[in-house]
Amino acid sequence: NKEIEIICNEFNIVNQSNNRLINYSKFLSFITPNFSDESINPVADIIQNKQSHNSNNIGNAIKYLELAMKRGLDLLNIFAKYDVGNVGRINSNDFCAAMSDLGLSYFTLVDAIELANRYKALTANDYILYRRIISELIKNVDDINQSDNIDIVDTIRAAINLQSNGNPNRLIELFKYYDRQGSGKVFEDDIYTIFSEAVL
C-alpha cells in the first residue's frame, strides 16, 4: 500500500548487486527513538513504558486521531456513546474507554487529562469536553489538508508508535527474522510480508 511504498522510498539503499534493500535499523530508530537491540529485553520494555507518558505520547495520540478523522472515522459518535446525558462531556475513565475503542488501549487517566488540558477542555471536576477536542481536531485537519507541507512519514511513525504502544517488539522480531545476513537491512520485497505479519 501507499504507506509502505513511502517507507521503502525513504529508507532504501541499493547494494552492489543492484538489489533494493531497506535500512530497517534506521527506520526503527526513527519510529522509536530509544530503539536498540536491548529493546526486546523485558526490563527495557518496563523502562520504555514509563517513558511513554510524556508530551510526545500526547502528540502522537493527536496525530493518530487526526489520521482516523482523515480516513472518515466518526470520532464524535465514538465518544458520544459514553455521554449518557448528551451534554458534551464525559469523565476521564470514559474518555480512556473511548480511546481504547479507537485502538489506544494503553491510554491512561494521566494521558487523558494532559490531552484535555492541551485543548482547554478539562472542567473543574475533571470532566472532559470531548466535543471541544474534536472540534479543534477538525480545524487542525482542515488546516493540514490545505497545506502543501504534510509530513507523511511522520504521520506513519506516529500511527505505528501508537498501534504498537511505543514498543514494536513484534516488528523488531520480524525484521531480524528476515535479515538473513544480520546487517540491519532487509530486501524491499520482504517489507510487505513483514508489515502484514506484524498486523500494522
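Residues numbered from 1 in each chain as written. Predicted model: local features only at pLDDT ≥ 70, side-chain atom pairs only at ≥ 80, totals over all residues. Heavy atoms only, no water.

K.L.:
Would you mind showing me how to read the overall build of the chain here?
P.N.:
The secondary structure content of the chain amounts to 11 helices and 5 strands. Sorting the 200 residues of the chain into buried and exposed places 43% on the buried side. Contacts in the chain between residues far apart in sequence, at least 24 positions, make up 64% of those at least 6 positions apart. In the structure as shown, the chain presents an accessible area of about 11000 Å², 47% of it carried by carbon and sulfur atoms. (Helix = DSSP H or I, 4+ residues; strand = E, 2+ residues; numbered from the N terminus. Buried < 20%, exposed > 50% of the residue type's maximum accessible area, 1.4 Å probe, protein only. Contact = heavy atoms within 4.5 Å. Areas by Shrake-Rupley, 256 points an atom, 1.4 Å probe, with all protein chains shown as cover.)

K.L.:
Hey, could you run me through the confidence of the model for the chain in this one?
P.N.:
Detailed reading of the predicted coordinates is not advisable wherever pLDDT is low. Residues with a pLDDT of 70 or more make up 69% of the chain, whose mean pLDDT is 77. Low confidence marks residues 37–54, where pLDDT is under 50. Its contacts with residues over four positions away, or in another chain, come to 25 contacts. (pLDDT = per-residue confidence, 0-100.)

K.L.:
Teacher, can you tell me more about the packing of helix α6 (residues 92–101) against helix α7 (residues 109–118) here?
P.N.:
Relative orientation and spacing of two packed helices are given, respectively, by the angle between their axes and the distance between those axes. The geometry of α6 relative to α7 is characterised by a closest axis approach of 9 Å and an angle of 95° between their N-to-C directions. Between α6 and α7, the interaxial angle falls into the category roughly perpendicular. Each of Ser92, Asn93, Phe95, Cys96 and Met99 in α6 lies in contact with α7, whose residues at this interface are Leu109, Ala112 and Leu115. (Axes fitted to C-alpha atoms, helices over the stretch in contact; angles between N-to-C directions. Parallel < 35°, antiparallel > 145°, perpendicular 65-115°, else oblique.)

K.L.:
Mind showing me how you'd approach the nonpolar core here?
P.N.:
The tendency in soluble globular proteins is for nonpolar side chains to be buried as a group. If you look at the biggest cluster of nonpolar residues, it comprises 30 residues, and the most contacted ones within it are Phe79, Phe95, Met99 and Phe107. Contributing elements (two or more residues each) for this core: α4 (55–70), α5 (75–80), α6, α7 and α8 (130–145). The element best represented in this core is α4, accounting for 7 residues. Apart from residues lying up to four places away in sequence, Met99 is in contact with Ala61, Leu65, Phe79, Leu104, Phe107 and Leu115. By size, the runner-up hydrophobic cluster in this structure holds 19 residues, among which are Ile160, Leu171, Ile172 and Leu174. (Core = buried A, V, L, I, M, F, W, Y, C linked by side-chain atoms within 4.5 Å.)

K.L.:
Help me out: how do you make sense of the environment of Ile138 in this one?
P.N.:
For Ile138, the position within the fold is in helix α8. Look at Ile138 and you get partly exposed, because its relative accessible area is 41%. The spacing of Ile138 and Met69 is 69 residues in sequence and 7.8 Å in space, taken between C-alpha atoms.

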